[in-house]
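# A look at the structure
As a plain string of letters, each chain reads:
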Amino acid sequence: MKMKKLFCLLWLTAFGVGAIHAQDFQFKADDIDIPYKKYTLKNGLTLLVHEDHKAPIVAVNVWYHVGSKNEKPGKSGFAHLFEHLMFNGSENYNTDYFQALGSIGATDLNGTTNNDRTNYFQNIPVSALDQVLFLESDRMGHLLGAIDQERLDEQRGVVQNEKRQGENNPYGKQWDYLTRAMYPKGHPYSWTVIGEMEDLNAASLEDVQQWFKSYYGAANAVVAVAGDINPEEVYEKVVKYFGDIPSGPTVERQEVNIPNKINDSYQVYEDRVPETRVLFAWNTPQYGAREDLHFDLISAILTSGKNSRLYKKFVYEDQSASSAVTFQSSSEIASEFIAYLNVKQGEDPIKLEQELWAEISKFIEEGPTEAELKRVKAAYFANFIKGLERIGGFGGVSDILASNQTYHGDASYYKTQLKFVEDATAEDLKNTAKKWLSKGKHILVCKPFPEYAIEPSSVDRSKLPELGPQKSSKFPELQRTSLSNGLKVVLAQRAGVSTVIMNLVADAGYKTDYLSSPGTAELTMNLMDEGTKDKTSLQINEQLQLLGASLSTFSDQDQSNVYMSTLKPSFDASLNLFADVVLNPEFPQEEFDRLKNEQINDIKQEKSQPVSMALRVMNKYLYGDDHPYGSPYTGTGYEETVAQLTRDDITKFYNTWMRPNNSTLIVTGDISMNELKPKLEKALGKWKKGEVPQIVFKAPKTYTKNTLYLMNRPESQQSVIIAGHLTDKYGAVSEVALEQMVNILGGDFNSRINMNLREDKHWSYGAGGFVLGSKEERPFILYAPVQTDKTAESVTELRKEITDFISSRPPTQEELDRVKSNQILKLPGQWETNSSLNSSVRSMLRYGLPDDYYDTYDQSVRNLSLEDIKGVGNAVVKPEEVNWFMVGDRAKIISKLDALGFDEIIEIDADGNPVVPAMREQDTDIKN
């Protein structure tokens, strides 16, 4: 097997004689192979099938070779609008597609549109393959009869809210400006994918019908199926369901069209952002060209990892920018290379603009070093290999095959691209940068059209096919042990997967800030991998890239984590690096100063983002200032508290909480406990125990009920509404019942809240409700970003939904059956990767769940009754205790809000402090 040869190379590199050197370590494109079978139906439909039997699931990925570049002037946004319409039902299954797929356990379910293609994908249990092929073929061949004016208007509103939501974020209009600047008027890329409001308003039913007839024929589609299946059986099923669909009219392919931009152009715009962003963009070669891949490597050299040129200079050393980003935005007929800096407050944007150009000019003239090139090549191949673990979704096997077949007419074209990466020399990258970062050229290719036919149909489309036999999903048996120093170890062993995940989980997290200062846990964990006694931050980052590994350190409210993803052949060397980070963090003063400033900058960023603005203040008013959960939910703390932190505070946190007797190491991957434990004892056994304080959770002090805390954000196109109250700690009610109750009310796409505000009212791109994760009392939250002029109306609808849920419109048996079925059937795809498996084990650890929790979970869900759901709903949903947090344009929304009957409306700043006295005085007596 070719992959085995690659892993041998990795192993020899990691464990051969001497230390790891970049020059000793090289990936080969020929060692990577995705076996598949290709079929072409008589109607021109292309079928790609890949077998992967590690889990009883299958990915179905359907690509149509049509995107926004196929639109006409005045019809922008139509490809994306039509993608939304495809989810609303077809002639023979005239029901919402998300509802249909939710009932059969689909995961990783979505559809997307870009300039060049539209795709629809889902992971499903094997037993549901016939149903999904029926549904996909029905909307490919039998859609128009199901689309009416009501559905068009509904999805038009949803798309327009999606556009508002994107533009409401900082830098949200950036791509709109770039699109117009980089492509001349009339170029197929001279309008954005999401389109203009006036064009969306003008879309008619006639437009819908013509679009479908023009582009959604079988000959313009690729179906990629990957998973626990037999190729010939899949082919027979696809012929059965898709064979009678007409090929559709011939689609003329647009030629490569790269604008020859010679002179610099300059544009300035204003947006509500915390920092100036300086951005450069160049027209570059089309997707999949040799030089397109060169630009991926150039981008990695410039900004991937701490050793990259722009990150190292501007973020790490000069600390004049909070971020340095480059990327090759690849598209089918032309691409763009983008580079930008987010300039820190107080720095001179003009100076950084000059310095950014100087760094890029230096690369154009000198090219990369051999060490840089080898490092980014290793990272490129490692990321590609890790993606092969997944059969579906973005970057998974079915996605790779479908994209290469669609764009290049060859599902194996990824080999060519990998070969481009492997063969690239430092001189190649220098020449590519010099050629394209000044000007480009145009290439035209023409090919003859093929001939097509159709198959006679034998499909009964009056009903869905019956589900096939279901395969059960088994959670790996957990193996437990302890090291000599008290470190607990949990292993979930799974054979046949190339990745190994290690996650050290300490019982710490943001709650420990209660004994120190807000922001301490966040800053400490961010510093953990910034240098050890023997390695600098940059040396750690370089070694991770050479090993094909990644490492991150982070916290949530209850836990602090050191997480590593690596490849099995490089496990020993990765473990040694992991142990060095855990046992020997140096917390260098210069790194402390840099990251403290970055955390203060992150706080400023949070204060500009509508959702994070609300999350920052929510805990203060739900728990009280003197509660361990009372600090900002983001964990970053406050500007003044972080500014006062010293390096001694960081070492104190580490010495107090990061102890083996306060931690558990979770390992998932292809390794046995007999093999693992001696390695862990050698690497981590010398870690010393220590006394760990106890966090005392007092009763929360919720200040008010039925109060609106309003944060003014002038010129916001949307209002963000977060409303809720505290509910009991984990385990006080049936968590299985709570999950399904929440799913019905607001937890999934078909929930009551989302169907109301998104699908029925078109006021929001997405709304819902959930219970936030924490061990103690937890917030029960409603969430809705809504268009500004429907803010008050949305509050009324949210109140109505939660009140009716426990009174006049309780959950129904139909709703319960839907969420139960979805929860059960999606289990096989829940643990596709070792990372997802590790995350589930971490949740079990956080909440003290038994080792057989997921083995019995299926039956626990099946046994749920409607009375169970109603009971937990009555215990958890308490409309009279809700407080409201809102971020929006006060001047535009306050008049209607004042009429909604809040006991009090208090305007607060982004740290939760009142900025004016109560906006409306009211008698404090509460009347029934």
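One can find the structure itself at the top, above this paragraph.
What this report covers is the structure whose coordinates are included nearby. If you're wondering where the values come from, they're calculated on a predicted model, not measured in any experiment.

A count of helices and strands for the protein gives 32 helices and 21 strands. Taken over C-alpha atoms, the radius of gyration comes to 28 Å for the protein, in line with the 30 Å a tight globule of 928 residues would show. Taking the principal axes of its C-alpha atoms as reference, the protein extends roughly 75 × 70 × 60 Å. Within the protein, the proportion of its 928 residues that are buried is 61%. In the protein, of all internal contacts separated by at least 6 residues, the share reaching a separation of at least 24 is 81%. Put simply, the protein shows about 36,300 Å² of open surface, and 49% of that area lies on carbon and sulfur atoms. A distance of 3 Å separates the average location of the 101 positive side-chain charges in the protein from that of its 130 negative side-chain charges.

Let's shift gears to the nonpolar core. Judged by nonpolar contacts, the single largest core of 70 residues is most densely connected at I298, I360, L429 and L437. It is helix 10 (residues 290-303) that provides the largest number of residues to this core, a total of seven residues. Those residues in contact with L437 that sit more than four places away from it in its chain are W282, F295, F337, I360, I364 and T432. By size, the runner-up hydrophobic cluster in this structure holds 60 residues, among which are L708, I744, L757 and L897.

With that settled, the discussion passes to the sheet that holds strand 7 (residues 276-284). Overall, antiparallel pairing links the three strands, which are arranged 7-9-8 in an open sheet. Each of the sheet's edge strands pairs with one partner strand only, and the pair in question is strand 7 and strand 8 (321-329). Taken over all neighbouring pairs, the strand axes of this sheet differ in orientation by 10° on average, direction set aside. Taken together, the eight bridges between strand 8 and strand 9 (residues 335-343) define a ladder with antiparallel strand orientation. When the bridges of strand 9 are listed, Q328 appears paired with F337. Sitting on the sheet, helix 6 (residues 174-182) is in contact with strand 7, strand 8 and strand 9, with an inclination near 40° to strand 7.

To continue, consider the packing of aromatic side chains. All told, the structure shown has 38 aromatic pairs when counted by the stated rule. For the ring pair Y64 and Y120, a centre distance of 5.9 Å and an interplane angle of 80° mean the geometry is edge-to-face. Residue Y64 is found in strand 3 (residues 57-64), and its partner Y120 is found in strand 5 (residues 118-125); the two are separated by 56 residues along the sequence. Exposure remark for Y64: the relative accessible area of 0% places this residue in the buried category.

The next thing to look at is the side chain of T641. When you line up the elements, T641 lands in helix 22 (residues 639-643). Looking at T641, its side chain comes within polar contact range of the main-chain oxygen of P518, at 2.9 Å. Every residue in contact with T641, bar those within four places of it in the chain, is listed here: S517 and P518.

Moving on to the layout of surface pockets. The calculated volume of the second largest pocket comes to roughly 1,200 Å³. Taken together, 37 residues make up the lining of the second largest pocket; nearest its centre are S265, Y266, Q267, L279 and F280. At the level of elements, helix 6, strand 7 and helix 12 (349-366) are the ones that each hand at least two residues to the lining of the second largest pocket. By residue class, the composition of the lining of the second largest pocket is 21 nonpolar, eight polar and eight charged.

Let us look at the environment of I600. Tracing the backbone shows I600 in helix 20 (residues 589-606). On a C-alpha basis, the gap between I600 and G519 in space is 9.5 Å, while along the polypeptide they are 81 residues apart. If we ignore the near neighbours within four places in the chain, the residues touching I600 are E639, V642 and A643.

Even without being glycine, N706 reaches a positive phi, approximately 55°. Considering the arrangement of structural elements, one finds N706 in the loop between helix 24 (673-684) and strand 16 (707-712). The backbone of H762 shows a phi angle near 60°, a positive value even though the residue is not glycine.

Another aspect to go through is helix 13 (residues 370-387). Its 18 residues give helix 13 an end-to-end C-alpha distance of 26 Å, which sits within 8% of 26 Å, the value for a rise of 1.5 Å per residue. The buried fraction of helix 13 amounts to 13 of the 18 residues, a majority that puts the element mostly inside the structure.

Now for the environment of L816. Note on placement: L816 falls in helix 28 (residues 813-825). What makes L816 buried here is its relative accessible area of 0%. When the C-alpha positions of L816 and D868 are compared, they lie 10 Å apart, and in sequence the two are 52 residues distant. Residues in contact with L816, not counting those within four places in the same chain, are I744, L864, S865, L866 and I869.

This part is about the packing of helix 2 (residues 78-85) against helix 5 (residues 149-168). Contact geometry for helix 2 and helix 5: axes closest at 9 Å, N-to-C directions at 120°. Taken together, the axes of helix 2 and helix 5 are oblique relative to one another. The interaxial crossing formed by helix 2 with helix 5 has right-handed handedness. Counting all contacts with helix 2, which are made through H80, L81, H84 and L85, the residues of helix 5 involved are R151, L152, Q155, R156, V158, V159 and E162. Split into classes, the residues belonging to the contact of helix 2 with helix 5 amount to five nonpolar, three polar and three charged.

Examined against the element boundaries, K344 turns out to sit in the loop between strand 9 and helix 12. Owing to a relative accessible area of 11%, K344 belongs among the buried residues under this scheme. Considered as a pair, K344 and G509 are 165 residues apart in the sequence and their alpha carbons are 28 Å apart.

With that settled, consider the packing of helix 10 against helix 11 (residues 309-317). Angle between the axes and distance between the axes are the two parameters that describe a pair of packed helices. It is at 3 Å that the axes of helix 10 and helix 11 come closest, and there the two elements cross at 25°. With respect to helix 11, the element helix 10 is oriented roughly parallel. Mapping the contact onto sequence places I301, L302 and T303 in helix 10 and R309, L310 and Y311 in helix 11. Split into classes, the residues belonging to the contact of helix 10 with helix 11 amount to four nonpolar, one polar and one charged.

Ordered by their spatial adjacency, six strands build an open sheet running 1-2-6-3-5-4, and the pairing between neighbours is mixed. In this open sheet, the two strands that pair with only one neighbour each are strand 1 (37-40) and strand 4 (107-113). Here the average twist between neighbouring strands, direction ignored, is 15°. Where helix 9 (residues 231-242) meets the sheet, its contacts fall on strand 1, strand 2 (46-51) and strand 6 (221-227), and the angle it forms with strand 2 comes to roughly 150°.

Structurally, E389 is set in the loop between helix 13 and helix 14 (397-408). The side chain of E389 is buried and forms no salt bridge, while R494, the nearest opposite charge, is found at 4.1 Å. In contact with E389, not counting residues within four places along its chain, are K54, R494, V497, T499, E832, T833 and N834.

Burial within helix 18 (residues 537-547) is extensive, with eight of its eleven residues counted as buried. Listing the buried residues of helix 18 in full gives S537, L538, I540, N541, L544, Q545, L546 and L547. Phi turns positive, to about 70°, at G548, one or two residues after helix 18.

Moving on, we get to the pairing of strand 18 (residues 768-771). Strand direction decides the pairing type here: strand 18 and strand 19 (residues 778-787), joined by four bridges, are antiparallel. Bridge assignment links G769 to a residue of strand 19, and that residue is L782. The turn joining strand 18 and strand 19, which pair antiparallel and follow one another in sequence, is formed by six residues.

It is worth spelling out the pattern of salt bridges at this point. For the structure shown, the criterion picks out 50 salt bridges. A salt bridge links E355 to K351, with the nearest nitrogen and oxygen atoms 2.6 Å apart. Here the residue E355 and the residue K351 both occupy positions in helix 12, the gap between them amounting to four residues, near one helical turn. For E355, a relative accessible area of 18% translates into the label buried. For E422, the salt bridge is made with K419, and the minimal N-O distance between the two is 3.7 Å.

Rules used throughout
- Residues numbered from 1 in each chain as written.
- Predicted model: local features only at pLDDT ≥ 70, side-chain atom pairs only at ≥ 80, totals over all residues.
- Heavy atoms only, no water.
- Helix = DSSP H or I, 4+ residues; strand = E, 2+ residues; numbered from the N terminus.
- Rg over C-alpha atoms; globule rule 2.2 N^0.38 Å.
- Buried < 20%, exposed > 50% of the residue type's maximum accessible area, 1.4 Å probe, protein only.
- Contact = heavy atoms within 4.5 Å.
- Areas by Shrake-Rupley, 256 points an atom, 1.4 Å probe, with all protein chains shown as cover.
- Lys, Arg positive; Asp, Glu negative; His and termini not counted.
- Charge placed at Lys NZ, Arg CZ, Asp CG, Glu CD.
- Core = buried A, V, L, I, M, F, W, Y, C linked by side-chain atoms within 4.5 Å.
- Pairing = 2+ DSSP bridges.
- Axes fitted to C-alpha atoms, helices over the stretch in contact; angles between N-to-C directions.
- Phe/Tyr/Trp six-rings, centres within 6.5 Å; stacked < 30°, edge-to-face > 60°.
- Polar contact = N/O pair within 3.5 Å; in protein donor to acceptor, adjacent residues only side chain to side chain.
- 1 Å grid on protein atoms, 1.4 Å probe; cavity = no way out; pocket = protein on both sides within 12 Å on 5 of 7 lines; lining within 4 Å.
- Points joined across faces, edges and corners; volume = space filled by probe spheres on them.
- Nonpolar A, V, L, I, M, F, W, Y, C, P; charged D, E, K, R; others polar.
- Expected span 1.5 Å × (residues − 1).
- Parallel < 35°, antiparallel > 145°, perpendicular 65-115°, else oblique.
- Left-handed = near helix turned anticlockwise from the far one by under 90°.
- Salt bridge = Lys/Arg side-chain N within 4 Å of Asp/Glu carboxyl O.

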